[in-house]
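Results of the structural survey
If you want the building blocks of each chain, they are given just below.
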Amino acid sequence: MHSSEVSAQASQEQVYLALSTLFERMMCAAKSSSMTEVVEADLTFSQFRTLMELGARGTAMSMNELADAIGLSVAATGRVVDKLVGLGYTDRREDPQDRRVKRVSLTADGHRFTTTAVDQREDVLREICRRLPDDVADALTAALDPVLHGDTDYFASPEPTTES
């Protein structure tokens, strides 16, 4: 391995460590505000995750889709949804095209809850950004701009390599 390859790998590892630490610290700060919502509403983590998934989708989901999305069995998802229906956060109805399928969606209270949780998380992240000195904020924005808005889509799946 050439010294330039070693140097590039070291640089990539430094970027990884910096971004990983940044994301971890930001998510911890944001999750702490979300956990306040969970505790105040007396929700389990699975119930909160279900609400946030339904809020993110913005549309009714079948029990199977919801179970897959939150990583629970259909039976466990049914129990979570039962509790959320009882709390007034979700609604469960038969699918108009297939009455065997139950669709789950947020009620108005569920929408308010998820909107508040997202708003609080965004407020925490905005507060962290407000605390940055102007020169640091400008440097961070300038560093991220080519990654987020450049000609290369760094977030796309890499093309498979063909071996000859």
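If you're wondering where the values come from, they're calculated on a predicted model, not measured in any experiment.

Cut-off values and rules
- Residues numbered from 1 in each chain as written.
- Predicted model: local features only at pLDDT ≥ 70, side-chain atom pairs only at ≥ 80, totals over all residues.
- Heavy atoms only, no water.
- pLDDT = per-residue confidence, 0-100.
- Helix = DSSP H or I, 4+ residues; strand = E, 2+ residues; numbered from the N terminus.
- Salt bridge = Lys/Arg side-chain N within 4 Å of Asp/Glu carboxyl O.
- Buried < 20%, exposed > 50% of the residue type's maximum accessible area, 1.4 Å probe, protein only.
- Pairing = 2+ DSSP bridges.

Moving on, we come to the confidence of the model for the chain. For the chain, the mean per-residue pLDDT works out to 88, and 91% of the residues sit at or above 70. Taking the mean pLDDT of every element in the chain, the minimum, 78, falls on helix α1 (residues 3-41) and the maximum, 96, on helix α4 (residues 74-87).

For the rest of this paragraph, the subject is the pattern of salt bridges. Enumeration over the complete set of coordinates arrives at 12 salt bridges. In this structure, Asp82 engages Arg92 in a salt bridge whose closest nitrogen and oxygen atoms are separated by 2.6 Å. Here Asp82, found in helix α4, pairs with Arg92, found in strand β2 (residues 90-94); they are 10 residues apart in sequence, far enough to count as distant. Take Asp82: its relative accessible area is 42%, and that puts it in the partly exposed class. Here Glu127 ties to Arg130 by a salt bridge, and the two come within 3.2 Å at their closest N and O atoms. You can see Glu127 and its partner Arg130 sitting in helix α5 (residues 108-131), 3 residues apart, about one turn around the helix. Residue Glu127 is classed as partly exposed on the basis of its relative accessible area, which comes to 30%.

This part is about the sheet that holds strand β3 (residues 102-106). In a beta sheet, neighbouring strands pair by backbone hydrogen bonds and run either parallel or antiparallel. Across the sheet, 3 strands lie side by side as β1-β3-β2; this open sheet has antiparallel pairing. Strands at the two margins of the open sheet, each flanked by one partner only, are β1 (61-62) and β2. Bridge count for β1 against β3 is 2 bridges, and the pairing is antiparallel. Bridged to Met61 within β3 is Val104.

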